[in-house]
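Report on the structure
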Amino acid sequence: MPSNQDAQARGRECGERLRTAREAAGLSIADVSARLRIPERVIQSLEAGDASHADAPVFVRGQLRSYARLLGVRLDDVPEASAASQIQPTRIVPMTYTPPLQRFADKLMGRMVYIVITALIAVPVWMATRGHIDGSIQSASLEMPTDAVLAARDGEALPERPRAIAASMASLPARQQPVRQEPALSLRFSDESWVEIFDRDGQRVEQGLFKAGDRRDFEAGTVGRVVLGNARTVEVLRGGHVQDLSAYRRADVARFTVSSDGSLAPIAE
């Protein structure tokens with residue numbers, strides 16, 4: 001594998017060839033920036049062979065190829081000219097991971113809440129039913145001597161008393177299942193893509209190379225700015241609805257901001 005010094009030297013050589021071809025074509029840096037829709041500072045960094053002041057390393061290869069195609073310059077060693085191959089993606093820990101102990105505690109808490117609600121409903125019903133039964137028995141006991149005296153005086157048999165019937169307990173209401181809330185912002189990947197995620201204060205919260213099948217979910221207010229490489233392979237969802245990235249994509253790199261309500265907007269140059 002070539003050393004970092006060799007890669008930097010090739011990067012300066014490629015940049016010098018691009019600058020010479022641009023000047024020979026009579027184009028300014030502003031002209032190239034307008035045609036490729038790449039910021040002028042990035043064009044200057046590519047010509048200087050200094051990728052550290054350009055975009056994320058994984059984007060430099062595509063920008064060099066686009067610049068070379070515009071000028072008709074053949075750069076066979078573009079991948080090696082960029083230091084992107086020297087950089088390993090940052091190890092990313094999923095933000096939505098829930099420890100097993102916390103899941104167990106949440107499940108136990110749900111069962112305890114169900115037991116408490118059942119007790120709060122069943123105990124008052126049982127107390128009301130018991131009071132009604134006790135009152136019926138006491139009333140029957142108080143009326144019995146009067147009926148017995150009348151029956152004995154008239155020589156009639158004691159009338160048969162109706163049997164007390166206990167009221168049945170009402171069925172408990174079914175426990176409602178919680179409604180699953182869609183995350184404020186989701187990223188779904190169908191192929192490899194380099195991603196940078198910044199919070200609302202401009203601090204980087206995630207950076208790395210994602211693979212096909214990966215997904216990242218973010219709560220409202222946690223994301224301020226997003227940069228997506230190979231943007232055509234990334235599906236951005238807001239509240240479960242797919243968003244159109246065509247207004248934010250340039251040279252297959254999408255850049256946009258996320259407002260407090262989750263809506264997307266282009267990044268001001």
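This section reports on the structure supplied with the text. Predicted model, so just to flag it, every value in this text is computed and none were measured. (Residues numbered from 1 in each chain as written. Predicted model: local features only at pLDDT ≥ 70, side-chain atom pairs only at ≥ 80, totals over all residues. Heavy atoms only, no water.)

Focus: the pattern of salt bridges
The line we're drawing: Within this document, salt bridges are pairs made up of a side-chain nitrogen of Lys or Arg and a carboxyl oxygen of Asp or Glu, the two lying within 4 Å of each other. To qualify as a helix, a DSSP run of H or I must reach at least 4 residues; to qualify as a strand, a run of E must reach at least 2; elements of each kind are numbered from the N terminus. Only protein chains enter the area calculation, which uses a 1.4 Å probe; residues under 20% of their type maximum are buried, those over 50% are exposed, and those in between are partly exposed.
Summed over the entire model, instances satisfying the criterion amount to eight salt bridges. Close ionic contact of Glu23 with Arg19 constitutes a salt bridge, the shortest N to O distance being 2.8 Å. Taken together, the residues span about one helical turn, with Glu23 and Arg19 both in helix α1 (residues 4-24) at a distance of four residues. For Arg19, a relative accessible area of 27% puts it in the partly exposed group. In this structure, Glu235 and Arg188 form a salt bridge, with 4.0 Å as the shortest nitrogen-oxygen distance. Highlighted residues: Glu235 in strand β6 (residues 234-238) and Arg188 in strand β1 (residues 185-189), separated in sequence by 47 residues. Looking at Glu235, the relative accessible area reads 33%, which means it is partly exposed.

Re unusual backbone geometry
Despite not being glycine, Arg37 has its phi angle at roughly 55°, a positive value. Here Arg37 is to be found in the loop between α2 (29-36) and α3 (40-48). Located in the positive-phi region is Asn230, a residue other than glycine, with phi close to 55°. Note on placement: Asn230 falls in the loop between β5 (225-229) and β6.

Considering the packing of aromatic side chains
Formally: Here a Phe, Tyr or Trp ring, Trp counted by its six-membered ring, pairs with any other such ring whose centre lies within 6.5 Å, and the pair is stacked when the planes are under 30 degrees apart, edge-to-face when over 60, and tilted otherwise. Lysine NZ or arginine CZ positioned within 6 Å of the ring centre and within 35 degrees of the ring normal marks a charge as sitting over the ring.
Following the criterion strictly, the structure yields two aromatic pairs and no others. Ring geometry for Phe189 against Phe210: centres 4.7 Å apart, planes inclined by 5°, an arrangement best described as stacked. Taken together, the positions of Phe189 in strand β1 and Phe210 in strand β3 (residues 204-210) put the pair 21 residues apart, joining distant regions of the chain. Pair check on accessibility: Phe189 and Phe210 agree, each one buried. Centroid distance Tyr248 to Phe256: 5.8 Å. Interplanar angle 50°. Geometry classified as tilted. The exposure classification of Tyr248 matches that of Phe256, with both residues buried. Between Arg225 and the ring centre of Phe198, over which it is positioned, the NZ or CZ distance is 4.0 Å.

Thoughts on the nonpolar core
Generally speaking, nonpolar side chains in soluble globular proteins are found buried as a group. Going by this rule: Put simply, a nonpolar core is a bunch of buried Ala, Val, Leu, Ile, Met, Phe, Trp, Tyr and Cys residues held in one set by side-chain atoms that sit within 4.5 Å of each other. In this description, contact between two residues means that some pair of their heavy atoms is separated by no more than 4.5 Å.
With 19 residues, the main nonpolar core has Leu187, Leu228, Val236, Phe256 and Leu264 as its most contacted residues. Those elements that place two or more of their residues in this core are β1, β2 (193-198), β5, β6 and β9 (253-258). With sequence-adjacent residues up to four places away left out, Leu264 is seen in contact with Leu185, Val236, Gln243, Leu245, Tyr248, Phe256, Thr257 and Val258. In this structure, Val60, Leu64, Tyr67 and Val73 belong to the second largest nonpolar core, which totals 16 residues.

Some remarks on a nonpolar patch on the surface
The following threshold applies: For patch building, the residue pool is restricted to those with more than 30% relative accessible area and no salt bridge; the joining distance is 9 Å between like charges and 5 Å between nonpolar side chains (Val, Leu, Ile, Met, Phe, Trp, Tyr). For accessible areas, the Shrake-Rupley method is used with a probe of radius 1.4 Å. Any residue's cover is judged against the shown protein chains and nothing else.
On the surface, Leu101, Phe104, Leu108, Met109, Met112, Val113, Tyr114, Ile115, Val116, Ile117, Leu120 and Ile121 cluster together to form a nonpolar patch covering roughly 1200 Å² of accessible area. Inspection of the secondary structure assignment puts Leu101 in helix α6 (residues 100-154).

Here's the deal with empty space enclosed by the protein
Note the following rule: Only protein atoms enter the 1 Å grid, on which a cavity is a set of points fitting a 1.4 Å probe that cannot get out and a pocket is an open set with protein on both sides within 12 Å along at least 5 of 7 lines, lining residues being those with an atom within 4 Å of a point. Grid points are joined across faces, edges and corners, and a volume is the space filled by probe spheres set on the points. Residue classes follow a fixed rule: Ala, Val, Leu, Ile, Met, Phe, Trp, Tyr, Cys and Pro count as nonpolar, while Asp, Glu, Lys and Arg count as charged, and any other residue, Gly among them, counts as polar.
Enumeration according to the criterion identifies two cavities of 30 Å³ or more in this entry. Taken as a whole, the largest cavity encloses approximately 50 Å³ of empty space. Lining the largest cavity are Ala184, Leu185, Glu219, Ala220, Gly221, Thr222, Val223, Val258, Ser259, Ser260 and Gly262. Its volume calculated, the second largest cavity comes out at about 40 Å³. Lining the second largest cavity we find Arg37, Ile38, Pro39, Gln63, Arg250, Ala251, Val253 and Arg255. For the lining of the second largest cavity, the per-class residue count stands at four nonpolar, one polar and three charged.

Regarding the pairing of strand β4 (residues 215-218)
To keep it simple, the criterion reads: Pairing between strands is defined by DSSP: at least two bridges between them are needed.
Side chains of β4 alternate between two faces, with Arg216 and Phe218 buried and Arg215 and Asp217 left unburied. For β1 and β4, the ladder comprises four bridges, and the chain directions are antiparallel. Paired with Leu185 across the strands is Phe218, a residue of β4.

Section: the packing of α2 against α3
Our working rule: Helix axes are fitted only over the stretch in contact, all axes being lines through C-alpha atoms; the angle between N-to-C directions runs from 0 to 180 degrees. The cut-offs work like this: below 35 degrees is roughly parallel, past 145 is roughly antiparallel, 65 to 115 is roughly perpendicular, and the gaps in between are oblique. Definitions for this section: a left-handed crossing has its near helix turned counterclockwise from the far helix by less than a right angle. A right-handed crossing has that turn clockwise.
Between α2 and α3, whose axes approach to 9 Å, the crossing angle comes to 115°. Taken as axis vectors, α2 and α3 run roughly perpendicular relative to one another. The handedness of the crossing between α2 and α3 comes out as right-handed. Between α2 and α3, the residues in contact are Ile29, Ala30, Val32, Ser33 and Leu36 and Glu40, Ile43, Gln44 and Glu47, respectively. A breakdown of the residues in the contact of α2 with α3 according to their chemical character gives five nonpolar, two polar and two charged.

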